Amino acid sequence: MPTEITLRLQINGEQVRRIIPANRSLLDFIREDLRLTGSKHGCDVGDCGACTVLVDGAPQLACITLAAECEGAAIRTIEGVTDGGGLHPIQEALHRHVGAQCGYCTPGIVMAMTSLLEADPHPSDSAINEALGSNICRCTGYTKILAAVREVARPGSPS
Ligand code: FES
Ligand code: FES
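Residues numbered from 1 in each chain as written. Chains lettered and ligands numbered in written order. Predicted model: local features only at pLDDT ≥ 70, side-chain atom pairs only at ≥ 80, totals over all residues. Heavy atoms only, no water.

Examined at the domain level, the protein breaks down into domain 1 (4–80) and domain 2 (89–153). Using only C-alpha atoms to locate each centre, domain 1 and domain 2 end up separated by 21 Å. Residue-level contacts link 16 residues of domain 1 with 13 residues of domain 2. Linking domain 1 with domain 2 are one salt bridge, by the criterion used here. Scanning the region where domain 1 abuts domain 2 turns up six residue pairs in polar contact (both at pLDDT 80 or more). Residue assignment for the side of domain 1 that touches domain 2 shows that the elements contributing at least two residues are strand 3 (52–55) and strand 4 (58–61). Residues of the side of domain 1 that touches domain 2, tallied by class, amount to six nonpolar, seven polar and three charged. (Domains from an automatic or database assignment. Contact = heavy atoms within 4.5 Å. Salt bridge = Lys/Arg side-chain N within 4 Å of Asp/Glu carboxyl O. Polar contact = N/O pair within 3.5 Å; in protein donor to acceptor, adjacent residues only side chain to side chain. Helix = DSSP H or I, 4+ residues; strand = E, 2+ residues; numbered from the N terminus. Nonpolar A, V, L, I, M, F, W, Y, C, P; charged D, E, K, R; others polar.)

Okay, the sheet that holds strand 3 next. Strands in a sheet are paired, the pairing made by backbone hydrogen bonds, and the direction either parallel or antiparallel. A sheet is described by the order of its strands in space; here five strands give the open sequence 2-1-5-3-4, paired in mixed fashion. With partners counted over all chains shown, the strands left at the sheet margins are strand 2 (14–21) and strand 4, one partner each. In this sheet, adjacent strand axes meet at a mean angle of 40° when their direction is disregarded. The pairing of strand 1 (residues 4–11) with strand 5 (residues 74–76) spans two bridges and is classified as parallel. Pairing of Gln10 across the sheet is with Ala74, part of strand 5. The strands that helix 3 (residues 106–119) touches are strand 3, strand 4 and strand 5; relative to strand 3, the one it contacts most, it runs at about 35°. (Pairing = 2+ DSSP bridges. Axes fitted to C-alpha atoms, helices over the stretch in contact; angles between N-to-C directions.)

In contact at an axis separation of 8 Å, helix 2 (residues 89–96) and helix 5 (residues 143–153) are set at 135° when each is read in the N-to-C sense. Judged by the angle between their axes, helix 2 and helix 5 are oblique. Considering only the axes of helix 2 and helix 5, their crossing is right-handed. Touching Pro89, Ile90, Ala93, Leu94 and Arg96 of helix 2 are Ile145, Ala148, Val149, Glu151 and Val152, all from helix 5. Residue composition of the contact of helix 2 with helix 5, grouped by class: eight nonpolar, no polar and two charged. (Parallel < 35°, antiparallel > 145°, perpendicular 65-115°, else oblique. Left-handed = near helix turned anticlockwise from the far one by under 90°.)

Quick look at unusual backbone geometry now. One non-glycine residue, Val98, lies in positive phi territory at about 55°. Residue Val98 is classed as partly exposed on the basis of its relative accessible area of 46%. Positive phi is not limited to glycine here, since Tyr142 has a value of about 75°. Of note, Tyr142 is situated in the loop between helix 4 (125–131) and helix 5. Judged by relative accessible area, which is 29%, Tyr142 ranks as partly exposed. (Buried < 20%, exposed > 50% of the residue type's maximum accessible area, 1.4 Å probe, protein only.)

Here we come to the environment of Pro155. Relative to the assigned elements, Pro155 resides in the segment after helix 5. With 101 residues separating them along the chain, Pro155 and Leu54 place their C-alpha atoms 25 Å apart.

Here we take up the nonpolar core. In terms of nonpolar packing, the biggest core is built from 23 residues, with Leu9, Ile11, Leu26, Phe29 and Ile75 touching the most fellow members. If you list the elements that add at least two residues to this core, you get strand 1, strand 2, helix 1 (26–33) and strand 3. Those residues within four positions of Phe29 in sequence are excluded, and the remaining contacts are Leu7, Leu9, Val16, Arg18, Ile20, Arg24, Leu34 and Ala67. With 22 residues, the next largest nonpolar core counts Ala93, Met113, Leu116 and Leu117 among its residues. (Core = buried A, V, L, I, M, F, W, Y, C linked by side-chain atoms within 4.5 Å.)

Laid out in structure tokens, this is it:
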């Protein structure tokens, strides 16, 4: 097994090429090598969702993903959740509903919900719950997060 690899992938629309240790996690690659620190270390064992990023559009737990597995992939992090650098509708709705308190879980939740809404702009409550199933929030009790997601998914409906 080589101890180092040359990794080429796309991050938030930009091509990146780096020589990295073969065992580097995707989360450490994003945070330490690229200095994109919005994706968080929580449990580091795949239980909390704080590290969620999109790999080719699908949510993935970056702490338990090897960067090497992402050769050629398109990665989106919270820093690239919108093209122009403004807030994503989910972020705006979380702000309106006070769905972020300490905010540590928020980047992961925004990425998971972004993926859901891009696949299905009007998901059912059970689809929302399922898509949030890998994301733990210790502050909000989820009610405000769900209200924010419902508002974006079904504008005009009672949340
Ligand atoms: S830090 Fe990745 S799932 Fe908790
Ligand atoms: S807002 Fe603190 S963990 Fe979710």
